[in-house]
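Results of the structural survey
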Amino acid sequence: MASEHIKTSQSAGTPRLTVHLWSGLRRFAEGQELVEVEATTIGAMIAALKSAYPALAPALDAGVSVAVDGRIIAASLDEPLAPENEIYLMQRLRGG
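Cut-off values and rules
Residues numbered from 1 in each chain as written. Predicted model: local features only at pLDDT ≥ 70, side-chain atom pairs only at ≥ 80, totals over all residues. Heavy atoms only, no water. Helix = DSSP H or I, 4+ residues; strand = E, 2+ residues; numbered from the N terminus. Contact = heavy atoms within 4.5 Å. Phe/Tyr/Trp six-rings, centres within 6.5 Å; stacked < 30°, edge-to-face > 60°. Buried < 20%, exposed > 50% of the residue type's maximum accessible area, 1.4 Å probe, protein only. Polar contact = N/O pair within 3.5 Å; in protein donor to acceptor, adjacent residues only side chain to side chain. Salt bridge = Lys/Arg side-chain N within 4 Å of Asp/Glu carboxyl O. Core = buried A, V, L, I, M, F, W, Y, C linked by side-chain atoms within 4.5 Å.

**A short note on the environment of Y53**
Inspection of the secondary structure assignment puts Y53 in the loop between α2 (42-52) and α3 (57-62). In this structure, the C-alpha to C-alpha distance between Y53 and V35, residues 18 residues apart in sequence, is 9.7 Å.

What follows is the structure, given as structure tokens:
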């Protein structure tokens, strides 16, 4: 099954990242599983996603889990990212 994704505008020198959206987040990004944004850190990636997909902002503000190359990044918005990283965003699960 081919994945579709949307690219945002490019700026010189900033790496373009491919971000996989877990199923609960796709509805906020026009149904896309893969999106691309330019960023160098997790914090910049989240800001770029909010700018490119404003409907994602409430879900991102509520909290998401970020997995980079299979490792969950718990609390570091300064974690560096590169185009070769495999990045997944998942809505945080709530409940007891």
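**Quick notes on the environment of M45**
Residue position: M45 is located in helix α2. For M45 and L17, which are 28 residues apart along the polypeptide, the C-alpha to C-alpha distance reads 8.2 Å. Once residues lying within four places of it in the same chain are set aside, the contact partners of M45 are L17, V19, V37, A39, V66, L81, I87 and L89.

**Description of the packing of aromatic side chains**
Between two aromatic rings, the relevant description is the distance of the centres plus the angle of the planes. Enumeration over the complete set of coordinates arrives at one aromatic pair. Taking the centre distance of 6.4 Å and the plane angle of 70° together, the rings of W22 and Y88 count as edge-to-face. In this pair, W22 is assigned in the loop between β2 (16-21) and α1 (23-26) and Y88 in strand β6 (residues 87-91), connecting sequence segments 66 residues apart.

**Some thoughts on the side chain of E36**
Along the chain, E36 turns up in strand β3 (residues 34-38). On the accessibility criterion, E36 (9% relative accessible area) is buried. Side chain to side chain, E36 and T18 meet in a polar contact 3.5 Å long.

**Concerning the pattern of salt bridges**
Per the stated rule, a full pass over the model turns up five salt bridges. Between R16 and E38 there is a salt bridge, with the nearest N and O atoms lying 3.2 Å from each other. Taken together, the positions of R16 in strand β2 and E38 in strand β3 put the pair 22 residues apart, joining distant regions of the chain. Looking at R16, the relative accessible area reads 17%, which means it is buried. Given a relative accessible area of 13%, E38 falls into the buried group. Salt bridges linked by common partners bring R16, E36 and E38 together as one network.

**Quick word on the nonpolar core**
Side chains of nonpolar character tend, in soluble globular proteins, to be buried together. With 24 residues, the main nonpolar core has V19, I42, M45, L49, V66 and L89 as its most contacted residues. Elements supplying a minimum of two residues to this core: β2, β3, α2, α3, β4 (64-68) and β6. Among the elements that line this core, the one with the most residues is α2, at five residues. Filtering out sequence-adjacent residues up to four positions away, V19 remains in contact with E33, L34, V35, V37, M45, L49, I87 and L89.

**Things to note about unusual backbone geometry**
Phi at E30 takes a positive value of approximately 60°, unusual for a residue other than glycine. Topologically, E30 is positioned in the loop between α1 and β3. The backbone of D69 shows a phi angle near 50°, a positive value even though the residue is not glycine. On the basis of relative accessibility, which here comes to 47%, the residue D69 falls in the partly exposed class.

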